Amino acid sequence: MDTLMWEAKARPGLEGELLEWVLTEGAAGLGESVRTEVFTAPGRVVVIVVGPGTPRTLPEPPAELVDRPPHAWPFTRITSSARQPNL
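In short, a report on the structure.

Rules used in this analysis
- Residues numbered from 1 in each chain as written.
- Predicted model: local features only at pLDDT ≥ 70, side-chain atom pairs only at ≥ 80, totals over all residues.
- Heavy atoms only, no water.
- Helix = DSSP H or I, 4+ residues; strand = E, 2+ residues; numbered from the N terminus.
- Buried < 20%, exposed > 50% of the residue type's maximum accessible area, 1.4 Å probe, protein only.
- Polar contact = N/O pair within 3.5 Å; in protein donor to acceptor, adjacent residues only side chain to side chain.
- Contact = heavy atoms within 4.5 Å.
- Salt bridge = Lys/Arg side-chain N within 4 Å of Asp/Glu carboxyl O.
- Core = buried A, V, L, I, M, F, W, Y, C linked by side-chain atoms within 4.5 Å.
- Pairing = 2+ DSSP bridges.
- Axes fitted to C-alpha atoms, helices over the stretch in contact; angles between N-to-C directions.

### Brief notes about the side chain of Thr3
Relative to the assigned elements, Thr3 resides in strand E1 (residues 3–9). Assessed through its relative accessible area of 11%, Thr3 is described here as buried. Polar side-chain contacts of Thr3 include one of 2.9 Å to the side chain of Asp2. Non-local contacts of Thr3, meaning those with residues more than four positions away in its chain, are made with Ile48, Val49, Val50, Pro55, Trp73, Pro74, Phe75 and Arg77.

### What to know about the pattern of salt bridges
Inspection of the entire model under this criterion finds five salt bridges. A salt bridge links Arg44 to Glu7, with the shortest nitrogen-to-oxygen separation between them at 2.7 Å. Placement of the pair is Arg44 in strand E3 (residues 44–50) and Glu7 in strand E1, with a sequence separation of 37 residues. Across the salt bridge formed by Glu7 and Arg68, the nearest N and O atoms sit 2.8 Å from each other. Of the two residues, Glu7 is situated in strand E1 and Arg68 in the loop between E3 and strand E4 (71–75); the sequence distance between them amounts to 61 residues. Overall, Glu7 belongs to the buried group, its relative accessible area being 7%. Take Arg68: its relative accessible area is 23%, and that puts it in the partly exposed class.

### A few points about the nonpolar core
Among soluble globular proteins, nonpolar side chains are generally buried collectively. Of all hydrophobic cores here, the largest spans 16 residues; its most connected members are Trp6, Leu18, Val22, Val47, Val49 and Leu58. Among the secondary structure elements, those contributing two or more residues to this core are E1, helix H1 (15–26) and E3.

### Observations concerning the environment of Pro74
Mapping Pro74 onto the fold places it in strand E4. Since its relative accessible area comes to 48%, Pro74 is described here as partly exposed. For the pair Pro74 and Asp2, spaced 72 residues apart in the sequence, the C-alpha separation amounts to 7.4 Å. In contact with Pro74, other than residues within four places in its own chain, are Met1, Thr3 and Leu4.

### Overview of the sheet that holds E1
Within the open sheet, the four strands sit side by side as E2-E3-E1-E4. Their pairing is antiparallel. Both outer strands of the open sheet, strand E2 (35–41) and E4, are each paired with one neighbouring strand and no more. With strand direction ignored, the average angle separating the axes of adjacent strands in the sheet is 15°. Sheet analysis places E2 next to E3, joined by seven bridges and oriented antiparallel. Paired with Thr36 across the two strands is Val49, which belongs to E3.

And the structure:
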């Protein structure tokens, strides 16, 4: 598995603080050999980490910023563009 999707649900009104934590601390220790993308939706922050091997997960965010513990799912990348894989 070479891809990790990490999702955290912010406590109401703390979406900005959770995003700041992800950008400054949460994703900081993932390493330089990975590609990290950060997304937001109302009340949520999602991080996609793609690397040459199994990527590390983000550390636990401060409990006061989240409604529940974050979820993380490992994936195996099939394609690296929008093309359909040859099955």
